[in-house]
Amino acid sequence: MPVCGEADGEHPLHGPLMDLFEGTGHWVWIREEGYQELEYEVWGRSRLNLMSTFERWFGRAPEHFYSIMNDGRWQCRVVTTWTGEGGSVDILDKSGIEQMVDYVPGICVCSRGSVRSYVTRHGTHVMLATLHLDGRDFDIRLTTGILGEELHLTLEDLSLNTRGTRVFRRIPCFTVVNPLGQIVTMTTYDKDDFMEALSSMEKEIPPGITILEFKNVNIDEEQAFFSLPDGREWDVDVYSGDIYTLNIKKFRNN
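Here is what the cut-offs are and how they apply
Residues numbered from 1 in each chain as written. Predicted model: local features only at pLDDT ≥ 70, side-chain atom pairs only at ≥ 80, totals over all residues. Heavy atoms only, no water. pLDDT = per-residue confidence, 0-100. Helix = DSSP H or I, 4+ residues; strand = E, 2+ residues; numbered from the N terminus. Contact = heavy atoms within 4.5 Å. Buried < 20%, exposed > 50% of the residue type's maximum accessible area, 1.4 Å probe, protein only. Pairing = 2+ DSSP bridges. Phe/Tyr/Trp six-rings, centres within 6.5 Å; stacked < 30°, edge-to-face > 60°. Polar contact = N/O pair within 3.5 Å; in protein donor to acceptor, adjacent residues only side chain to side chain. Core = buried A, V, L, I, M, F, W, Y, C linked by side-chain atoms within 4.5 Å. Axes fitted to C-alpha atoms, helices over the stretch in contact; angles between N-to-C directions.

(A) Representation of the confidence of the model for the protein. The predicted model of the protein has a mean per-residue pLDDT of 83, with 79% of residues at 70 or higher. Per-residue pLDDT, averaged within each element of the protein, yields its smallest value for helix α2 (residues 45-58) (45) and its largest for strand β17 (residues 243-245) (98). Counting contacts from residues 1-14, a segment whose pLDDT is below 50, to residues more than four positions away or on other chains yields 32 contacts. Low pLDDT, under 50, characterises residues 45-51; the predicted model gives this stretch six contacts beyond four residues in sequence or across chains.

(B) Spatial organisation of the pairing of strand β9 (residues 150-157). Counting buried residues along β9, eight of its eight residues qualify, which places the element largely inside the surrounding structure. Joining the antiparallel neighbours strand β8 (residues 136-147) and β9 is a turn of two residues, in which Gly148 adopts a positive phi near 65 degrees. Relative to strand β10 (residues 162-170), β9 runs antiparallel, the two being bridged by eight bridges. What sits directly across from Leu155, in β10, is Gly164. Following β9, the chain reverses through four residues before pairing antiparallel with β10; Asn161 in that reversal takes a positive phi of roughly 60 degrees.

(C) The packing of aromatic side chains, seen in detail. Applying the stated criterion to the full structure yields six aromatic pairs. Ring plane angle 45 degrees and centroid distance 5.1 Å describe the contact between Phe174 and Phe214, whose orientation is recorded as tilted. In this pair, Phe174 sits in strand β11 (residues 173-178) while Phe214 sits in the loop between β14 (208-213) and β15 (221-227), placing the two residues 40 residues apart along the sequence. Overall, the relative accessible area of 2% leaves Phe214 in the buried class. Between the aromatic rings of Phe226 and Trp234, the centroid separation amounts to 5.5 Å while the plane-to-plane angle is 25 degrees, which identifies the pairing as stacked.

(D) The pairing of β15, seen in detail. Burial within β15 is extensive, with six of its seven residues counted as buried. Where strand β12 (residues 184-190) and β15 come together, six bridges link them in antiparallel fashion. Pairing of Asp190 across the sheet is with Glu222, part of β15. Between β15 and strand β16 (residues 233-239), which follow one another and run antiparallel, lie five residues, and Gly231 among them has a positive phi close to 100 degrees.

(E) Main features of the environment of Asp193. Along the polypeptide, Asp193 turns up in the loop between β12 and β13 (199-205). Judged by its relative accessible area of 14%, Asp193 falls in the buried class. The spatial distance from the C-alpha of Asp193 to the C-alpha of Glu222 is 9.1 Å, given a sequence separation of 29 residues. Within the local environment of Asp193, its side chain forms a polar contact with the backbone nitrogen of Glu196, the two atoms lying 3.0 Å apart.

(F) Expanded view of the nonpolar core. Of all hydrophobic cores here, the largest spans 19 residues; its most connected members are Phe174, Met186, Phe226, Leu246 and Phe251. Put simply, the parts of the chain that give this core at least two residues each are β11, β12, β13, β15 and β16. Tallying contributions element by element places β16 first for this core, with three residues. When sequence neighbours within four positions are dropped, the list of residues in contact with Phe251 reads Leu180, Val184, Phe226, Ser227, Leu228, Arg232, Glu233, Trp234 and Leu246. If you look at the next biggest cluster of nonpolar residues, it comprises 15 residues, including Leu17, Val78, Ile146 and Phe168.

(G) Structural detail: the sheet that holds β15. Reading across from one edge, β13-β12-β15-β16 is the order of the four strands in this open sheet, with antiparallel pairing throughout. Single-partner strands in this sheet number two, and they are β13 and β16. On average, adjacent strands in this sheet sit at an angle of 25 degrees to one another, irrespective of strand direction.

Given below as structure tokens:
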């Protein structure tokens, strides 16, 4: 198992890494920095050429959904062209205990090896893996961290001192609090669609708290129209990160 220069083990659950779970915890791939070249090196150029060509023409951008389970464990659901909508689910271990595995989480490869994962004092999640694949041994480090508004997954081959980074951005979202005791219908439009010609989202908002995502990473503002069953409406501009509480007094007849 490779040696890490930072102290490891459990650390307080605060700091930038906890931003993984904010909102819906939904992150979408936006670019790569040397990541594919490193995958070629480790897993074989012919296999990955086929996979990357398929994804380029028929695929979807990889998406990661982070959540904290009831028992406190961290979960990551990864959705790609190959997984389908259900995705593949990994548990982000942070115990620092070495484990023998047949599947390396986060790296998505079936290979016998050992894995040790922990959270650093600097607020990153690190997974160290020693694995045997295609007759070779690899010492791999996968670091998950927040840099500004981006999620960086950095994969390193410690034997060859090479690295690549896959970069994600969070899907912006907002929160609606519905204390009215009835379902409210919400329709949104682009912020510049003053004619309300084409809706971008239609949702039924049940009583309680609902977190709603915008359509993609580049949208953080829209016009929203909330409708009661009796036809009364309330319109408001909604922004990423804000909370909107429905108030019966704000609803008016058209």
